[in-house]
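Here is how the chains run, residue by residue.
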2 protein chains.
Amino acid sequence: MKNNFIHDRVLSILSASIFSIFLISCHSARMPASWPNSDKDFMYQYSIIDALMAGVFDGNLRVGDLKPRGDFGVGTFNKVDGELIMLKGKVYKMSADGSVKEVSDSDSTSAAFVKFFKADTTIYFNEPNLSYEKLQEYLVEKLNANTIYAIKITGSFSSMTTRAASPAKPPYSTLTAHLGEHQKLFNYNNTTGTCVGFLLPPYLARTNVPGFHLHYLADDLKAGGHIFKFNTNSVAVEIDFAKGFTIENNTNAEFLNVNLKPDRGAELKKIE
Amino acid sequence: MKNNFIHDRVLSILSASIFSIFLISCHSARMPASWPNSDKDFMYQYSIIDALMAGVFDGNLRVGDLKPRGDFGVGTFNKVDGELIMLKGKVYKMSADGSVKEVSDSDSTSAAFVKFFKADTTIYFNEPNLSYEKLQEYLVEKLNANTIYAIKITGSFSSMTTRAASPAKPPYSTLTAHLGEHQKLFNYNNTTGTCVGFLLPPYLARTNVPGFHLHYLADDLKAGGHIFKFNTNSVAVEIDFAKGFTIENNTNAEFLNVNLKPDRGAELKKIE
């Protein structure tokens, strides 16, 4: 933990306006990326959320081929078998049986959102019983609504509620229908670990999840999953601005057949 | 023109089903791209259509920096000063005064959509007085609704109607408001040249233009612009499937300030 740990919410709110100026100056100073893209400051994603929502539960990207695209991120596996968490270049699966394991490079993903994580700034929150919801409000107030952010939250959580999906059997239904019957909820107390994910702007509707989307990984690998809520007294929030994003389409034949015309935004909010 | 020029629409329609099978097999055979991305089979775009719609008319990407990202595509320039056409690596501006000129690398764009064009397949149409609208119907019937395509149409056009925007003065209004007062229409007869652009799936709503978006460039540089309609007796349609796309956010400060929450899909349809 750094020396400038902010113990006082008043101080924290006062710093918000200064922080905003800092953000704007950071953006203005950035030059366009070189291309062909060896620039690691782009989010990369395999497939799109709407395809997953529509039931494209299998993909052709191996975990070993996901790793050169980022070292940090979230996703799922083929058959929506559990929650994918990538942290420090390693890929973990939180399964519906509650286990968390590092996965083999030969496993495949049907949807994954990753980035090479390098914090541009860190904000420390120290507030008794701070909820995930309240933390989101603080961050939204401080951050820019049109920017792509990778978000890493580390600390101890007095409570943490997550879900993990159990694998689907073909023929696949929609993601909402599958989760309705096959998602397991987990309630943890006093767990220490990392929340991994993104805060995305509205123009990533249909392709990704606008707003916050974080998965949890406990340091001891005894907890994890797609985060619904938590409470904490103290966390460090590392924020990494991305210059943009790359989407690689799922090459599974089902991707070509599925109906991607409907706006699934309202449906997505129900399951996030 | 190739030997397999299809003179008969019946033959052309019969070939559609075979063509569809060919398309699916092409997709299935493709392996994920290597990354960091030196893969040229991705569309690249600078900024997003919703930002342009909302009035972010300036950007920081120089034409010279756009060229390493593709050799083919469409867009506009700062101040929405004319229509951008990139063909065979050269960038042209169709201005509201009707002139078409190759532009300097030091010009800048506020929005551009480009790709390294390499046709995966070519379809020849030979039908008296074939309209742009009817050609779109034929192509939509043959192509996959969820795939990103760069489209190059070459031939002679008995009629061609385009528009070019004249430059806006700050403070900028929305694109719809600007075009309402400052777009010039052009009607050409018997012009020979190339239609350059994309056919995009619905999940690129908000970021790009779902459906067809083509700009025209006459071989003699005496005609050009954003295409509204045309008629032809004979064209070659080259189709290049993209594996995905990269979006680089506009680094102009206005991009951070503009409201990107509204769904501008209906508004976009009115001006396309």
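About the cut-offs
Residues numbered from 1 in each chain as written. Chains lettered and ligands numbered in written order. Predicted model: local features only at pLDDT ≥ 70, side-chain atom pairs only at ≥ 80, totals over all residues. Heavy atoms only, no water. UniProt positions renumbered as here; feature names shortened; annotations may be inferred. Helix = DSSP H or I, 4+ residues; strand = E, 2+ residues; numbered from the N terminus. Buried < 20%, exposed > 50% of the residue type's maximum accessible area, 1.4 Å probe, protein only. Contact = heavy atoms within 4.5 Å. Areas by Shrake-Rupley, 256 points an atom, 1.4 Å probe, with all protein chains shown as cover. Pairing = 2+ DSSP bridges. Phe/Tyr/Trp six-rings, centres within 6.5 Å; stacked < 30°, edge-to-face > 60°. Salt bridge = Lys/Arg side-chain N within 4 Å of Asp/Glu carboxyl O. Core = buried A, V, L, I, M, F, W, Y, C linked by side-chain atoms within 4.5 Å. pLDDT = per-residue confidence, 0-100. Arc of directions from axis to C-beta. Polar contact = N/O pair within 3.5 Å; in protein donor to acceptor, adjacent residues only side chain to side chain.

As named in an unreviewed UniProt entry, chain A is Alpha-acetolactate decarboxylase, taken from Dyadobacter fanqingshengii. Per its UniProt entry, chain A bears the Catalytic activity (unreviewed entry) comment "(2S)-2-acetolactate + H(+) = (R)-acetoin + CO2". Per UniProt, the comment on chain A under Pathway (unreviewed entry) is "Polyol metabolism; (R,R)-butane-2,3-diol biosynthesis; (R,R)-butane-2,3-diol from pyruvate: step 2/3."

**Details of the overall build of chain A**
Within chain A, the regular secondary structure consists of seven helices and 14 strands. Looking at chain A residue by residue over its 272 residues, the buried ones come to 60%. Within chain A, counting contacts between residues at least 6 apart in sequence, those at least 24 apart form 79% of the total. Of the roughly 10700 Å² of accessible surface on chain A, a fraction of 52% belongs to carbon and sulfur atoms.

**A word on the pairing of strand E5 (residues 90-94) of chain A**
All names here are of chain A. With four of five residues buried, E5 lies mostly within the body of the structure. Pairing between strand E4 (residues 83-87) and E5: five bridges, direction antiparallel. Residue pairing across strands places Leu87 opposite Lys90, the latter belonging to E5. A loop of two residues connects E4 with E5, the two strands running antiparallel in sequence, and Lys88 in this loop sits at a positive phi of about 50°. Where E5 folds back onto strand E6 (residues 100-102) in an antiparallel hairpin, the turn is made up of five residues, including Gly98, whose phi is positive at roughly 95°.

**A word on the packing of aromatic side chains**
All names here are of chain A. Under the counting rule described, the total for this entry stands at 21 aromatic pairs over all chains. Residues Tyr149 and Phe241 carry aromatic rings whose centres are separated by 5.5 Å and whose planes lie at 65° to one another, so their mutual orientation is edge-to-face. Taken together, the positions of Tyr149 in strand E10 (residues 148-165) and Phe241 in strand E13 (residues 224-242) put the pair 92 residues apart, joining distant regions of the chain. Under the relative-accessibility criterion, Tyr149 is labelled buried at 0%. Site record: aromatic cluster; members linked through ring pairs are Tyr132, Phe157, Tyr216 and Phe230.

**Notes on the pattern of salt bridges**
Residues and elements named next belong to chain A. Enumeration according to the criterion identifies 18 salt bridges over all chains in this entry. Across the pair Lys93 and Asp81 runs a salt bridge, and its minimum N-O distance is 3.2 Å. One end of the pair, Lys93, is in strand E5; the other, Asp81, is in the loop between strand E3 (72-76) and E4, and 12 residues separate them in sequence. One salt bridge in this structure joins Lys93 and Asp107, with 3.9 Å as the shortest N-O distance. Taken together, the residues span a long stretch of sequence, with Lys93 in strand E5 and Asp107 in the loop between E6 and strand E7 (108-109) at a distance of 14 residues. Overlapping salt bridges bring together Asp41, Lys115 and Asp240 as one network.

**Concerning the nonpolar core**
Considering soluble globular proteins, one finds that nonpolar side chains tend to be buried as a cluster. Ile153 of chain A together with Ile153 of chain B are the most contacted members of the largest nonpolar core, which totals 141 residues. For Ile153 of chain A, the residues in contact, after removing those within four places along its chain, are Leu135, Gly193, Thr194, Cys195, Leu214, Phe230, Val235, Ala236 and Val237 of chain A.

**Quick word on the confidence of the model for chain A**
All names here are of chain A. With 86% of its residues at a pLDDT of at least 70, chain A reaches an overall mean of 89. A low-confidence stretch, residues 1-37 (pLDDT under 50), is modelled with 68 contacts involving residues beyond four sequence positions or located in other chains. Reported for the predicted complex are a pTM of 0.87 and an ipTM of 0.86.

**Topic: helix H4 (residues 132-142) of chain A**
Residues and elements named next belong to chain A. Listed in full, the buried residues belonging to H4 are Tyr132, Leu135, Tyr138, Leu139 and Lys142. Along the axis of H4, the buried positions cluster into a sector of 120°, meaning they face one direction only. In H4, the exposed positions angled more than 90 degrees off the buried face are occupied by Glu133 and Val140.

**Quick notes on the side chain of Thr162 of chain B**
Residue and element names in this part refer to chain B. Along the chain, the position of Thr162 falls in strand E10 (residues 148-165). When its relative accessible area of 0% is taken as the criterion, Thr162 is described as buried. A polar contact is formed between the side chain of Thr162 and the backbone oxygen of Gly224, at a distance of 2.7 Å. When neighbours within four sequence positions are excluded, Thr162 is seen to be in contact with Lys184, Leu185, Phe186, Tyr188, Tyr216, Gly224, Gly225, His226, Ile227 and Phe228.

**A closer look at the side chain of Lys93 of chain A**
Here Lys93 of chain A falls in the buried class, since its relative accessible area comes to 13%. Within the local environment of Lys93 of chain A, its side chain forms a polar contact with the side chain of Asp81 of chain A, the two groups lying 3.2 Å apart.

**Details of unusual backbone geometry**
A cis amide bond links Pro170 of chain A with the next residue in sequence, Pro171 of chain A, at an omega value of 0°. Take Pro171 of chain A: it is sitting in the loop between E10 and helix H5 (175-182). In this structure, Lys88 of chain B is a non-glycine residue whose phi angle is positive, near 50°. Turning to its location among the elements, Lys88 of chain B is positioned in the loop between strand E4 (83-87) and strand E5 (90-94). Residue class for Lys88 of chain B comes out exposed when judged on its relative accessible area of 70%.

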